[in-house]
Amino acid sequence: MRVVFLGTPDFGVPSLKALVEAGYEVVGVFTQPDKPKGRGNKMLPSPVKVCAQGYGIPVYQPVKIRLDGVEALRALSPDVCVTAAFGQILSQEILDIPRVGTVNVHSSLLPKYRGSAPINWAVMEGEQVTGVTTMMTDKGLDTGDILLKKEVAILPGETAEELTVRLAPIGAELLIETLRRMEAGTCPRTPQDEREASYFPMLKKEMGDIDWRMDAKSIVCRVRGLTPWPGSSFQWGDGEMIKVWKAEEAENPGKAPGEIICADGKQGLVIAAGKNAVRVLEMQAPGGKRMQAKDYLRGHPVSYTECKVTEEESHGS
RNA sequence: CGCGGGGUAGAGCAGUUCGGUAGCUCGUCGGGCUCAUAACCCGGAGGUCGAGGGUUCAAGUCCCUCCCCCGCAA
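Predicted model only: the values in this text are computed from it and were never measured.

### Concerning the overall build of chain A
So, step 1. Along the backbone of chain A there are nine helices and 15 strands.
So, step 2. Counting only residues that meet the buried cut, chain A has 48% of its 317 residues in that class.
So, step 3. With 38 positive and 41 negative side-chain charges, chain A shows a spacing of 3 Å between the two charge centroids.

### Side note on the domain arrangement of chain A
So, step 1. The domains assigned to chain A are domain 1 (2-196) and domain 2 (205-299).
So, step 2. Here the C-alpha centre of domain 2 lies 34 Å away from the C-alpha centre of domain 1.
So, step 3. Counting from both sides, the interface comprises twelve residues of domain 1 and, opposite them, nine residues of domain 2.
So, step 4. Of the roughly 850 Å² buried at the junction of domain 1 and domain 2 (both faces included), carbon and sulfur atoms supply 61%.
So, step 5. There are zero salt bridges connecting domain 1 and domain 2.
So, step 6. Where domain 1 meets domain 2, there are four residue pairs in polar contact (both at pLDDT 80 or more).

### A few points about the confidence of the model for chain A
So, step 1. Per-residue confidence for chain A gives a mean pLDDT of 92, with 97% of residues at or over 70.
So, step 2. If you check the scores for this complex, the pTM reads 0.89 and the ipTM reads 0.84.

### Topic: empty space enclosed by the protein
So, step 1. Overall, the coordinates contain one cavity of 30 Å³ or more when judged by the stated rule.
So, step 2. Looking at the largest cavity, the residues that line it are M207, G208, D209, I210, D211, M214, I219, R222, V223, L226 and S232.
So, step 3. It is helix 8 (residues 216-225) that contributes the most residues to the lining of the largest cavity, three residues altogether.
So, step 4. Broken down by class, the residue content of the lining of the largest cavity amounts to six nonpolar, two polar and three charged.

### Side note on helix 2 (residues 47-55)
So, step 1. Along helix 2, the positions that sit buried rather than exposed are V48, K49, C51 and A52. The buried residues of helix 2 all sit within an arc of 165° when viewed along its axis, so they share a single face.
So, step 2. In this fold, the buried residues of helix 2 make contact with strand 1 (2-7), helix 1 (13-21), strand 2 (25-30) and strand 5 (59-60).
So, step 3. Directly beyond the C-terminal end of helix 2, a positive phi value near 75° is found at G56.

### Thoughts on the packing of helix 1 against helix 2
Angle between the axes and distance between the axes: these two values describe a pair of packed helices.
So, step 1. Orientation of helix 1 relative to helix 2, taken along the N-to-C sense of each, is 20°, at an axis distance of 9 Å. What the angle tells us is that helix 1 and helix 2 run roughly parallel. Once helix 1 is placed against helix 2, the crossing between them reads as right-handed. For the pair helix 1 and helix 2, the contacting residues are V13, L16, K17, V20 and E21 in the first and P47, V48, C51, A52 and Y55 in the second.
So, step 2. Tallied by class, residues from the contact of helix 1 with helix 2 come to eight nonpolar, no polar and two charged.

### Regarding the sheet that holds strand 5
So, step 1. In spatial order, the strands read 5-2-1-6-7-8-9; together these seven strands make up an open sheet with mixed pairing. One side of each edge strand has no neighbouring strand; the edge strands of this open sheet are strand 5 and strand 9 (146-153).
So, step 2. Relative to strand 5, strand 2 runs parallel, the two sharing two bridges. By the bridge assignment for strand 5, V29 is matched with V59.

### Focus: the side chain of S15
So, step 1. With respect to the helices and strands, the residue S15 is situated in helix 1.
So, step 2. Excluding residues within four positions of it along the chain, S15 makes contact with F5, A84, V105, G171, A172 and L175.

### A word on helix 7 (residues 160-184)
So, step 1. With 25 residues, helix 7 extends 35 Å from end C-alpha to end C-alpha; this agrees with the ideal 36 Å at 1.5 Å per step.
So, step 2. The axis of helix 7 is deflected most strongly, by about 25°, at L167, and proline P169 appears within four residues downstream.
So, step 3. Turning to helix 7, its buried residues are A160, L163, L167, A168, I170, G171, A172, L174, L175, I176, T178 and L179.
So, step 4. Phi for G185, located one or two positions after helix 7, is positive at around 75°.

### A short note on the packing of aromatic side chains
So, step 1. Under the criterion given, the structure shown has five aromatic pairs.
So, step 2. Taking 5.5 Å as the distance between ring centres and 70° as the angle between the ring planes, the aromatic pair formed by W212 and F234 counts as edge-to-face. Of this pair, W212 sits in the loop between helix 7 and helix 8 while F234 is found in strand 10 (residues 232-235), placing the two residues 22 residues apart along the sequence.
So, step 3. According to the relative accessible area criterion, F234 is buried, its value standing at 2%.
So, step 4. By way of ring pairs, the aromatic residues Y113, W121 and F200 are connected into one cluster.

Procedures and definitions
- Residues numbered from 1 in each chain as written.
- Chains lettered and ligands numbered in written order.
- Predicted model: local features only at pLDDT ≥ 70, side-chain atom pairs only at ≥ 80, totals over all residues.
- Heavy atoms only, no water.
- Helix = DSSP H or I, 4+ residues; strand = E, 2+ residues; numbered from the N terminus.
- Buried < 20%, exposed > 50% of the residue type's maximum accessible area, 1.4 Å probe, protein only.
- Lys, Arg positive; Asp, Glu negative; His and termini not counted.
- Charge placed at Lys NZ, Arg CZ, Asp CG, Glu CD.
- Domains from an automatic or database assignment.
- Contact = heavy atoms within 4.5 Å.
- Buried area = accessible area lost by both parts, 1.4 Å probe.
- Salt bridge = Lys/Arg side-chain N within 4 Å of Asp/Glu carboxyl O.
- Polar contact = N/O pair within 3.5 Å; in protein donor to acceptor, adjacent residues only side chain to side chain.
- pLDDT = per-residue confidence, 0-100.
- 1 Å grid on protein atoms, 1.4 Å probe; cavity = no way out; pocket = protein on both sides within 12 Å on 5 of 7 lines; lining within 4 Å.
- Points joined across faces, edges and corners; volume = space filled by probe spheres on them.
- Nonpolar A, V, L, I, M, F, W, Y, C, P; charged D, E, K, R; others polar.
- Arc of directions from axis to C-beta.
- Axes fitted to C-alpha atoms, helices over the stretch in contact; angles between N-to-C directions.
- Parallel < 35°, antiparallel > 145°, perpendicular 65-115°, else oblique.
- Left-handed = near helix turned anticlockwise from the far one by under 90°.
- Pairing = 2+ DSSP bridges.
- Expected span 1.5 Å × (residues − 1).
- Bend = angle between axes of the 7 residues up to and from the residue.
- Phe/Tyr/Trp six-rings, centres within 6.5 Å; stacked < 30°, edge-to-face > 60°.

Put into structure tokens, the structure is as follows:
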């Protein structure tokens, strides 16, 4: 089978590797163009590109595949296309190119958590189980027929970042099984149940602003789900922004949301929330590195008595 | 050359403006107090101040070069 792989971040790498190692003829890899990234604005290739080059597979980086990538893809005459966190929307014209169709590896139990950040949202919503799904891509956003699904438990305290690392190889395995069964003609294919469907939007930086009026459990879930990007942060009164990397629920002796219950090297940092309170375990100040809250507090005495409480601006969108 | 912060004891920091004996909190080790303790008291160990060069009677501090780390923005 001639396979064309489309993917961009780390999540896709195990799938690409699995394809190659399972003996599929990966004739081309599409990935997002290199972008200036990181300190110094160096141009950085996507993880999938690096992996593809390691195998000597031709790499294509159209800005918008549905506009400037169609001919390149057609020229590869793939039997099947495989996508895994590619990051670009495929047009019907693109979907019509591979003979068998386009298989997508999606990191949730579809039809739940459609959208571009399923892992983050599942964690943010406090789910205890999620998984990966392979599906036939169609014109809609994660709406195609489901092929195979595998459930995976979300561990207590696990962050989206950690879960992504665990899910990626599981997705790769499921992908190979899916292709094998498709070739054997034994792969199930079932339409998604729209009544069960849920869609969650792309992450935005503003989602990282901690709203101390929410209950502590939700805040902790968001901290986990928004790791590593955009991260969760709050502001000391009118002072520095602090990024929270790790937190847990704690008791609130009756303080108002945003009030600092304690902040010293011995007791650690505890801030009142809408319900209960949040104990910050790992934090990071601007310009500083990530560290244990107690370590931070030893060298940075805190004089504020409360944190800025997110005001007015209506959330959502 | 995108903007900016930083590297000082095992950890987190102060000290650098204006050169003059290396400080703080915690940890650690020893001792004490206590029914007891993550509490408290006393004492100790632990540092090529990121690297190299320069200026100087004298450099953590001033000058030059380099290495490494981090935040923002994308």
